[in-house]
Amino acid sequence: MSVIVAIRKDNRIVMAADTLTTFGDSEQMPQENARTAKVGRIGDSLIGGAGWAVYDDILNDFLSTRPTPDLSSSRNIFTFFLDFWRALHEHYTFVNDQAASTNTPFGDLDSTFLIANTGGIFTVASDLGVTPLNKYYAIGSGGEYAIGVLYTLYDRTEDIASIATDAVNAAIAMNFQCGGTVDVLQLTT
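The structure contained in this document is the topic of the report that follows. Owing to the predicted nature of the structure, the values given are computational and were not obtained by experimental measurement.

1. Brief notes about the packing of aromatic side chains
Argument step 1. What the rule picks out here adds up to 9 aromatic pairs.
Argument step 2. Taken together, a centroid distance of 5.2 Å and an interplanar angle of 90° make the contact between Phe 80 and Phe 81 edge-to-face.
Argument step 3. Its relative accessible area of 5% is what places Phe 80 among the buried residues.
Argument step 4. Taken together, a centroid distance of 6.4 Å and an interplanar angle of 0° make the contact between Phe 80 and Phe 84 stacked. A residue pair is termed a helical-turn pair when its members lie 3 or 4 positions apart in one helix, as Phe 80 and Phe 84 do in helix H2 (residues 74-91) at 4 residues. Neither Phe 80 nor Phe 84 differs from the other in exposure class; each is buried.

2. Section: the pairing of strand S6 (residues 45-51)
Argument step 1. The buried count for S6 comes to 6 of 7 residues, which makes it a mostly enclosed element.
Argument step 2. Adjacent in sequence and paired antiparallel, strand S5 (residues 39-42) and S6 are bridged by 2 residues, among which Gly 43 carries a positive phi angle near 60°.

3. Things to note about the side chain of Asn 117
Argument step 1. As for its placement among the helices and strands, Asn 117 is situated in strand S7 (residues 111-117).
Argument step 2. Side chain to side chain, Asn 117 and Ser 45 meet in a polar contact 2.9 Å long.
Argument step 3. Dropping the residues within four chain positions of it, Asn 117 is found in contact with Arg 8, Ile 13, Asp 44, Ser 45, Leu 71, Ser 72, Phe 122 and Leu 187.

4. Quick notes on the sheet that holds strand S11 (residues 182-188)
Hydrogen bonds between backbone atoms are what pair the strands of a sheet, whose relative direction is either parallel or antiparallel.
Argument step 1. Judged by pairing direction, the sheet is antiparallel, and its 4 strands sit side by side in the order S10-S1-S2-S11 without closing on themselves. Each end of this open sheet is capped by a strand with a single partner; those strands are strand S10 (136-140) and S11. Each strand of the sheet is rotated relative to its neighbour by a mean of 10°, with strand direction disregarded.
Argument step 2. The sheet contact formed by strand S1 (residues 3-9) and S10 spans 5 bridges and is antiparallel. Pairing of Ile 4 across the sheet is with Ile 139, part of S10.
Argument step 3. Sitting on the sheet, helix H3 (residues 143-153) touches S1 and S10, and the angle it makes with S10 is about 165°.
Argument step 4. Taken strand by strand, helix H4 (residues 160-174) contacts S1, strand S2 (12-18) and S11, and its axis lies near 20° from that of S2.

5. What to know about unusual backbone geometry
Argument step 1. Phi at Asp 10 is positive, roughly 55°, even though this residue is not glycine.
Argument step 2. By the element assignment, Asp 10 lies in the loop between S1 and S2.
Argument step 3. Owing to a relative accessible area of 61%, Asp 10 belongs among the exposed residues under this scheme.
Argument step 4. Its identity as a non-glycine residue notwithstanding, Leu 128 has a phi of 80°, on the positive side.
Argument step 5. Along the chain, the position of Leu 128 falls in the loop between strand S8 (120-124) and strand S9 (130-133).
Argument step 6. With relative accessibility at 8%, the residue Leu 128 sits in the buried group.

6. Re the nonpolar core
Argument step 1. Within the largest apolar cluster, 22 residues are counted, with the highest numbers of intra-cluster contacts made by Leu 59, Ile 77, Phe 81, Phe 84 and Ile 115.
Argument step 2. Listing elements by their share of this core, those giving two or more residues are helix H1 (54-63), H2, S7 and S8.
Argument step 3. Per-element tally for this core: the top contributor is H2, with 6 residues.
Argument step 4. Beyond its immediate sequence surroundings of up to four residues, Phe 84 is in contact with Tyr 55, Ile 58, Leu 59 and Phe 62.
Argument step 5. Judged by nonpolar contacts, the second largest core, of 19 residues, contains Ile 7, Val 149, Ile 163 and Ala 170.

The rules behind these values
Residues numbered from 1 in each chain as written. Predicted model: local features only at pLDDT ≥ 70, side-chain atom pairs only at ≥ 80, totals over all residues. Heavy atoms only, no water. Phe/Tyr/Trp six-rings, centres within 6.5 Å; stacked < 30°, edge-to-face > 60°. Buried < 20%, exposed > 50% of the residue type's maximum accessible area, 1.4 Å probe, protein only. Helix = DSSP H or I, 4+ residues; strand = E, 2+ residues; numbered from the N terminus. Pairing = 2+ DSSP bridges. Polar contact = N/O pair within 3.5 Å; in protein donor to acceptor, adjacent residues only side chain to side chain. Contact = heavy atoms within 4.5 Å. Axes fitted to C-alpha atoms, helices over the stretch in contact; angles between N-to-C directions. Core = buried A, V, L, I, M, F, W, Y, C linked by side-chain atoms within 4.5 Å.

Encoded structure:
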């Protein structure tokens with residue numbers, strides 16, 4: 001499980017995440033044995049995903065076959081994820097074609113993504129809906145705890161790397177599905 005945090009303030013962008021590695025709901029790996037990086041870069045964007053870990057492998061493979069995408073707007077992100085969705089079903093045949101719920105007409109990635117860049121912060125829901133955000137957001141198992149910290153500290157300090165670290169640490173402390181250390185990536189625009 002994961003918690004991913006993104007903050008944008010002035011000309012700075014930070015994304016942070018926990019590094020816990022789990023196999024199922026009960027098996028956690030010690031940090032000295034396995035440490036999972038959950039945030040990375042795609043061109044001029046930071047990206048993190050919460051959900052199935054196999055998406056890291058699939059996304060990296062998918063990106064290796066095409067030019068670096070422009071993820072600086074909701075429209076561009078939506079188009080990128082539509083292409084990704086098509087590739088999931090055409091080239092990664094082990095991906096399930098069914099929606100997680102029969103109460104929706106939409107497919108389900110069963111994962112969410114957070115993207116941050118000069119265009120803003122964007123969350124990509126499991127149904128591929130893209131939502132732009134101005135200041136901050138968090139996804140994943142401990143996201144609700146992290147958002148509380150982000151809300152409380154955002155206007156109190158300019159040190160957004162520290163805010164992001166505190167938000168992830170709150171999720172680690174309050175949600176047993178988050179853990180490990182905190183990775184922080186930064187962009188300056």
